[in-house]
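# Coordinates in review
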Amino acid sequence: MKVLVPVKRVVDYNVKVRVKTDKSGIETSGVKMSMNPFDEIAVEEAVRLKEKGVATEIVAISMGVPQCAETIRTALAMGADRGILVETDVDLQPLAVAKLLKAIADQEQPQLIILGKQAIDDDMSATGPMLAALLGWSQGTFASKLAVDGDVITVTREVDGGLETVALNLPSIITTDLRLNEPRYASLPNIMRARKKPIDNKKPADLGVDPTPRLTVVRVDEPPKRKAGQKVGSVAELVSKLRTEAKVI
Amino acid sequence: MAVLVLLEFDPTGIKQPSRSAVAAAQSLGEVHALVAGAGLGDAAAAAAKLPGVTKVLVADAPALDHLLAEPAAALLVALAPNYSHILAATTAVGKNILPRVAALLDVQPISDIAEVIDADTFVRPIYAGNGMATVKSSDARKVITVRAASFDPVAAEGGSATIEPVALGELPGISKFISAELSKSERPELTAARVVISGGRGMQNGDNFALLEPIADKLGAAVGASRAAVDAGFVPNEFQVGQTGKIVAPELYIAVGISGAIQHLAGMKDSKVIVAINKDEEAPIFQVADYGLVADLFVALPELAAELERS
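Being a predicted model, the structure only gives us computed values, none of them experimental.

A word on the overall build of chain B. Looking only at helices and strands, chain B features eight helices and 18 strands. For 311 residues, the compact-globule estimate of 2.2 N^0.38 gives 19 Å, and chain B sits close to it at 21 Å. For chain B, the spread of C-alpha atoms along the three principal axes comes to 60 × 40 × 40 Å. The buried share among the 311 residues of chain B stands at 58%. The long-range fraction of contacts in chain B, counting pairs at least 24 apart against all pairs at least 6 apart in sequence, stands at 65%.

Next comes the structure, spelled out in C-alpha cells:
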C-alpha cells in the first residue's frame, strides 16, 4: 500500500528561540532549521513498513517556502521514494495544511498517512485529526505501536493514564508519539541517492485550496520570566524554608 | 449564544482539567456541559453540580464507549449549531477529538489557550512556551482546547444544572476499542496534584525512582519525570512532564536529577514554588528554581524523606 508522510520544516529543537523585539513573532532568520522531530519518527515508521513489505511506496510532502525541499530531501535520504512540495509564502495553519493534504490524498489514494503528533513550533497538535476528519478516515493519534493486518490497523496510543489499543479500518491516519521508534540517520550513499529522487512542485491553487489563515497573530510576547531563587546548604534548611518561608508543606 | 464544554470524568467525579475548561468557558457565555460515553452512571449528576454550568447534555450510547474520536467528533458537530464556542481541556482526549470537530466545521482550532482576552482573542503558548502568542480568530464558531494549568478549576460542588439527554444520530463505526492498560496508582494525577516530584536522567535507572516514593507519600505528591528519563526507559511516557508530555502547575514542584532543558521547563515553569536538587551547580534548572540544593540525589533523597518523617 501507498503511505504518505507530511514533514514540516521547523526551527531545530536545540535552538534557543527568541521573541522578535517588535513582538511580531519568533526570530527565525539565520536560525538552524530541521525536520520536526515527530515527523522524523513518522518517516522512520513508514520506512519500516516498507522494509516489512507492508508499504509499497512512500511519498514525503512538505509545504511552505522553497527551502522545504531540503526537508523532503531528508525524508528521501531516510528511505521515502518521492516528494511533493507545495510552495507558498502564506503562513500555513493546520486547517489549510489539512485541506492541502486532503487534495493530495484524493489524487494519490494512499491507504495510510503518518504524521507527527505535533510540530514543535506552533505546538498546535491538530493537523492529523483534522486531515482524518476531512477524509472521513479513522485516526490513531499519539501512537507508540502499530501493526497492519489486512484492512485493519491496530494502534497502541499513549493516553493520559497509560496506553489504549484501538483497531482502525483502513484507510487511516496515524500520528506519532516519541516511543514509536528511534529514527535512523541517513547514510552518505542514501543522501547521494536521495538527490536523484523526484520532487513534484505544486501551488495551493493547483490543489484548489485557499490557504488564507483564520487566526491572526496579534502579537507574541516573552513569557513571564522566573527569577532564580536561593541556594540552600542542606536538606534540613530546604525543608525548613519550604515550611516557614514558602509555606507549601 | 451559549458555550459547550466536553467533560472528562472518572468514578470519583469530573476531572480537574475539565473543571479548568469550565472556568475558562465562563468568561465566554452561558456554559453547557457534555458528558458522553457508554454506561455513564453518576457522571451527569456530577456535572450538574459544577458551579456555573446551567445545562448538562448527556449522550449515553454503546457507540460512544471509551469516547473514540470518530463518533465523539460526530456528536459534537451535531450539537455545534447551538454554540458559539466548543471547549475541552488540553488532554489526550481533548487533543484527539477537538481538532477533528474543528475540521468538520471548517474552523481553525485554537489549541491550548492560557488566557481569554475576548470572545475572539486568546493567548496561547508557542515554541514550548518560549513565546506567548495573542491570536484572533475570524471563524464564526470557535473550537478551543484549554491549558488546565492556566485556569483555576471550578469547584466540584455548588451548582444545580438541568440534565437533558441528547438525541443521537448515526455515528461512524470505523474504529474499535480493544483494550486499555492504565497504570494503577494511589497517587493523585500529575495534572491535578498539589505537589509534584519528578526525576530525570540523574536517577540513573527505573528502580531508583523508588527513592521518590516515600517523599511523594509524605507530601501527597504525584510522581513525574523528564523526557530524558522516559526516553532512557526508566518510567512510562505517562510520567512525562514537558512540551510533549503533561503541563503541570502545582503549588510545589520538586525536580530531582533534572538538568532543565527548555522542553522540560515548558511543562512546569508555571509551578508556584520550584525546588531543584542536582549535583551539577551549573544545571539550567537552578535558573528557575526558588530553592536549589546542590547535592548528590542519592544522599539528599533519603535525607529528605527522613526530615519529612521527623516532623
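With 14 residues, helix 8 (residues 297–310) of chain B should cover 20 Å at 1.5 Å per step; its first-to-last C-alpha distance of 19 Å lies within 8% of that length. Restricting attention to buried positions, one finds in helix 8 of chain B the residues B:Leu297, B:Ala300, B:Leu301 and B:Leu304. Summarising the axial view, the buried residues of helix 8 of chain B lie within an arc of 100°, below the 170-degree limit, and thus occupy one face. Facing away from the buried side of helix 8 of chain B by more than 90 degrees, the exposed set consists of B:Val299, B:Glu309 and B:Arg310. For helix 8 of chain B, the secondary structure elements touched by its buried residues are helix 6 (235–244) of chain A together with helix 5 (213–219), strand 16 (252–256), strand 17 (273–278) and strand 18 (291–294) of chain B.

Turning our eyes to something else, we now look at the sheet that holds strand 9 (residues 121–126) of chain B. On the basis of which strands lie adjacent, the open sheet formed by four strands has the order 12(A)-10(B)-9(B)-8(B) and antiparallel pairing. Sheet topology places strand 12 (215–221) of chain A together with strand 8 (115–116) of chain B at the edges, where each strand pairs with a single neighbour. For strand 8 of chain B and strand 9 of chain B, the ladder comprises two bridges, and the chain directions are antiparallel. Residue pairing for strand 9 of chain B: B:Val116 is matched across the bridge by B:Phe122.

A few words on helix 2 (residues 68–78) of chain A. All names here are of chain A. Of all 11 residues in helix 2, nine are buried; the element is thus mostly enclosed. Of all the residues in helix 2, the buried ones are Cys68, Thr71, Ile72, Arg73, Thr74, Ala75, Leu76, Ala77 and Met78. Of the residues one or two after helix 2, Gly79 is the one with positive phi, at around 140°.

Moving on, we come to the interface of chain A and chain B. Of the residues lining the interface, 64 residues belong to chain A; the matching set on chain B comes to 71 residues. For the side of chain A that touches chain B, the secondary-structure elements that each account for two or more residues are helix 3 (94–108), helix 4 (127–135), strand 7 (138–149), strand 8 (152–159), strand 9 (162–169), strand 12, strand 13 (230–232) and helix 6 of chain A. For the side of chain A that touches chain B, the element with the highest residue contribution is strand 9 of chain A, accounting for eight residues. Of the residues in the side of chain A that touches chain B, the class split is 35 nonpolar, 14 polar and 15 charged.

With that settled, the discussion passes to the pairing of strand 16 of chain B. All names here are of chain B. With five of its five residues buried, strand 16 lies for the most part within the structure. Because side chains alternate across strand 16, one face comprises the buried residues Leu252, Ile254 and Val256, and the other comprises Tyr253 and Ala255, equally buried. Here five bridges tie strand 14 (residues 195–199) to strand 16, and the two strands are oriented parallel to one another. Looking at the pairing, Val195 lines up with Leu252 of strand 16.

Here we come to the sheet that holds strand 13 (residues 175–182) of chain B. An order of 11(A)-5(A)-4(A)-1(A)-6(A)-10(A)-7(A)-8(A)-9(A)-13(B) is seen for the 10 strands of this open sheet, with the pairing classed as mixed. Lying at the two open borders of the sheet, with one neighbouring strand each, are strand 11 (199–202) of chain A together with strand 13 of chain B. This sheet shows a mean twist of 30° between the axes of neighbouring strands, independent of strand direction. Two strands pair when backbone bridges link them, and strand 1 (residues 2–6) of chain A and strand 6 (residues 112–116) of chain A are joined in this way by two bridges, in the parallel orientation.

Contact pair helix 6 of chain A / helix 8 of chain B: the axes reach a minimum separation of 9 Å and the direction vectors enclose 45°. Considering the angle they form, helix 6 of chain A stands oblique to helix 8 of chain B. As for how helix 6 of chain A packs across helix 8 of chain B, the hand of that crossing is right-handed. Contacts between helix 6 of chain A and helix 8 of chain B involve A:Val235, A:Ala236 and A:Val239 from the former and B:Ala300, B:Glu303, B:Leu304, B:Glu307 and B:Leu308 from the latter. Its residues assigned to classes, the contact of helix 6 of chain A with helix 8 of chain B shows six nonpolar, no polar and two charged.

On to the pairing of strand 9 of chain B. Residues and elements named next belong to chain B. Counting buried positions along strand 9 yields five of six residues, so the element is predominantly enclosed. Where strand 8 hands over to strand 9, the hairpin turn is made up of four residues, counted between the paired strands. The sheet contact formed by strand 9 and strand 10 (residues 131–137) spans six bridges and is antiparallel. Across the sheet, the residue bridging to Val123 is Thr134, located in strand 10.

Right, let's get into the nonpolar core. Counting 191 residues, the largest nonpolar core has A:Val5, A:Ala46, A:Ala60, B:Val5, B:Ala33, B:Ala47 and B:Val275 as its most contacted members. The leading source of residues in this core is helix 3 of chain A, at eight residues. Leaving out residues up to four positions away in the same chain, B:Ala47 has contacts with B:Leu7, B:Ile14, B:Ala33, B:Val35, B:Val53 and B:Val56.

Bringing the environment of A:Leu131 into the picture now. Residues and elements named next belong to chain A. Inspection of the secondary structure assignment puts Leu131 in helix 4. Along the sequence, Leu131 and Leu100 sit 31 residues apart, while their C-alpha atoms lie 9.2 Å from each other. When sequence neighbours within four positions are dropped, the list of residues in contact with Leu131 reads Ala98, Leu101, Lys102, Ile113 and Ile173.

With that out of the way, let us pick up the confidence of the model for chain B. Averaged over every residue, the pLDDT of chain B is 96; residues scoring 70 or more account for 100%. This complex was scored by the predictor with a pTM of 0.94 and an ipTM of 0.96.

Our next topic: the packing of helix 4 of chain A against helix 4 (residues 92–104) of chain B. A pair of packed helices is characterised by two quantities: the angle between their axes and the separation of those axes. Remark: helix 4 of chain A packs on helix 4 of chain B, axes separated minimally by 7 Å, with the N-to-C direction vectors making an angle of 45°. Judged by the angle between their axes, helix 4 of chain A and helix 4 of chain B are oblique. Of the two possible hands of crossing, helix 4 of chain A and helix 4 of chain B adopt the one that is right-handed. Facing helix 4 of chain A, whose interface residues are A:Pro129, A:Met130, A:Ala132, A:Ala133 and A:Leu134, helix 4 of chain B presents B:Asn96, B:Pro99, B:Arg100, B:Ala102, B:Ala103 and B:Leu104.

Note that A:Ala133 resides in helix 4. For A:Ala133, the contacting residues outside a window of four places in its chain are B:Ala73, B:Arg100, B:Ala103 and B:Leu104.

Let's shift gears to unusual backbone geometry. Residues and elements named next belong to chain A. Here the residue pair Leu170 and Pro171 is connected by a cis peptide bond, since its omega of 0° sits within 30 degrees of zero. One can find Pro171 in the loop between strand 9 and strand 10 (172–176). Despite not being glycine, Asp123 shows a phi value in the positive range, around 50°. With respect to the helices and strands, the residue Asp123 is situated in the loop between strand 6 and helix 4.

Conventions used here
- Residues numbered from 1 in each chain as written.
- Chains lettered and ligands numbered in written order.
- Predicted model: local features only at pLDDT ≥ 70, side-chain atom pairs only at ≥ 80, totals over all residues.
- Helix = DSSP H or I, 4+ residues; strand = E, 2+ residues; numbered from the N terminus.
- Rg over C-alpha atoms; globule rule 2.2 N^0.38 Å.
- Buried ≥ 20, exposed ≤ 12 C-beta atoms within 10 Å, placed from the backbone.
- Contact = placed C-beta atoms within 7 Å.
- Expected span 1.5 Å × (residues − 1).
- Arc of directions from axis to C-beta.
- Pairing = 2+ DSSP bridges.
- Nonpolar A, V, L, I, M, F, W, Y, C, P; charged D, E, K, R; others polar.
- Axes fitted to C-alpha atoms, helices over the stretch in contact; angles between N-to-C directions.
- Parallel < 35°, antiparallel > 145°, perpendicular 65-115°, else oblique.
- Left-handed = near helix turned anticlockwise from the far one by under 90°.
- Core = buried A, V, L, I, M, F, W, Y, C linked by C-beta atoms within 7 Å.
- pLDDT = per-residue confidence, 0-100.

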